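Analysis of the macromolecular model
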Amino acid sequence: MRTELVSEPGDPARPNEDFASVGLPASGQGGALVVLDGVTPPRGETGCLHSVPWFTARLGGALTELTVSLPDVPLAEALAGAITRTADAHRETCDLSHPRTPQATVVVARWSSETVEYLILSDSALLTESPNRTITPYLDDRLARLPRASLATDAMIDAHVRNKEGGFFTAAADPTVASRAVTGVLPRGEVRALAALTDGATRWVEKFREGDWSDCFTFVRKEGARALVDRVRALELADAEERTYLRRSKTHDDATVVYVEL
Ligand SMILES: [Zn+2]
């Protein structure tokens, strides 16, 4: 087994709000990866005393522990448990019903000698590669399918779209959101490698159109996770100068790539 993990803040002066972990049990053929992308709140009240990195560290830590230590518990149940544990850590001090309470996108994959399980919530991506080199993306595309007009202002997103029926869902303080995640189980024999990426890294495909998901996976396998993040940064710099993509709010975003060869 080979793993590679790169996580880089969009701005070196600001804390990285992504979280990534790989858990490899000491025996057997099992393991797991967890990747979170903390949602940066717009300026203003969040109802919470804590930072986004505080939240992602707790949620990601709890999710890693539950995923690895309870191999028979489905991933959605592990996510619900991790959300509850994290909410309990600041329920007394913070207003967890606030629409801008800390929240994150989630990717989890867990492999055993028989299966590869996956869970995706919101706009991070999981890619798998089969033994014949077929790449399959696993995505929660609710956000991408929403009409642009519904995402026009932060107030509209708060009121109607984020964690609302018909909108898109993130892991915040409500454990029932785990049932909204995209989940599935693949035979282990159909997966030889996998990669999880936050949207700061999937810009390579989704914003800059350097290639499709298959090209992206192949780039990571051949050139490495670091090379993908470096390429995105170079594209972002060129883009900032040309001002081609005016709709993007941040020049750089936190970018995480976890690559695993089983
Ligand atoms: Zn808090």
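Below is a short write-up of the structure. Nothing here was measured: the structure is a model prediction, and the numbers come from that model. Numbers given to residues run from 1 along each chain, matching the order in which its sequence is written. With the structure being a predicted model, the display of local features is reserved for residues of pLDDT at least 70 and the display and counting of side-chain atom pairs for 80 or more, all residues being used for whole-chain, interface and lining totals. Based on all heavy atoms of the structure, the side-chain values leave hydrogens and waters out of the count.

Section: the packing of helix α1 (residues 52-69) against helix α2 (residues 75-88)
In the contact formed by α1 and α2, the axes pass within 8 Å of each other and the chain directions differ by 140°. Put simply, α1 runs oblique to α2. Taken as a pair, α1 and α2 cross one another with a handedness that is right-handed. Counted together, Trp54, Phe55, Arg58, Leu59, Ala62, Leu63, Glu65, Leu66 and Thr67 of α1 and Leu75, Ala78, Leu79, Gly81, Ala82, Ile83, Arg85 and Thr86 of α2 form the full contact between these two elements. For the contact of α1 with α2, a count of residues per class yields 11 nonpolar, three polar and three charged. The axes used here are C-alpha line fits, helices contributing only the stretch in contact, and every angle between their N-to-C directions lies in the interval 0 to 180 degrees. We count a stretch as a helix when DSSP gives it H or I for four or more residues in a row; a strand needs E for two or more, and each element gets its number in order from the N terminus. Any angle that is under 35 degrees is reported as roughly parallel, and any over 145 degrees as roughly antiparallel; angles of 65 to 115 degrees are reported as roughly perpendicular and all others as oblique. Each helix crossing is assigned a hand: it is left-handed if the near helix lies turned anticlockwise from the far helix by less than a right angle, otherwise right-handed if that turn is clockwise. Contacts are residue-level and defined by heavy atoms, with any inter-residue pair within 4.5 Å sufficient. Gly falls in the polar group here, along with every residue not listed as nonpolar (Ala, Val, Leu, Ile, Met, Phe, Trp, Tyr, Cys, Pro) or charged (Asp, Glu, Lys, Arg).

Comments concerning the coordination of the zinc ion
Coordination sphere of the zinc ion, protein contribution only: Cys48 (SG), His50 (ND1), His90 (ND1) and Cys94 (SG), at 2.1 to 2.3 Å. Excluding water, the donors of a metal are its N, O and S neighbours within 2.8 Å, or within 3.2 Å for Na, K and Ca, and that exclusion means sites may look incomplete. Under the classification used here, a metal with four donors is tetrahedral if each angle lies between 85 and 135 degrees, square planar if opposite donors are over 155 degrees apart and the others between 65 and 115, a six-donor metal meeting that same test is octahedral, and anything else is irregular. Classification of the site at the zinc ion rests on its four donor atoms, whose angles at the metal span 104 to 117°, yielding the label tetrahedral. The motif formed by the donor residues of the zinc ion, counted along the single chain, is C-x1-H-x39-H-x3-C. Taken as a pair, histidine 50 in the loop between β3 (31-38) and α1 and histidine 90 in the loop between α2 and β4 (104-111) lie far apart in primary sequence, 40 residues in all. Categorising residues by exposure relies on relative accessible area from a 1.4 Å probe, with only protein chains included: less than 20% of the type maximum marks a residue as buried, more than 50% marks it as exposed, and the intermediate range marks it as partly exposed. For histidine 90, a relative accessible area of 2% puts it in the buried group.

A short note on empty space enclosed by the protein
Cavity: a set of points on a 1 Å grid over the protein atoms alone where a 1.4 Å probe fits but cannot get out. Pocket: an open set with protein on both sides within 12 Å along at least five of seven lines, its lining residues, like those of a cavity, having an atom within 4 Å of a point. Grid points are joined across faces, edges and corners, and a volume is the space filled by probe spheres set on the points. Considering all chains together, one arrives at one cavity of 30 Å³ or more under this definition. Of the pockets and cavities examined, the largest cavity occupies roughly 50 Å³. In terms of lining residues, the largest cavity is bounded by Val39, Pro41, Pro42, Pro99, Arg100, Thr101, Pro102, Gln103 and Arg162.

Geometric descriptors of this kind do not, in isolation, establish any biological role.
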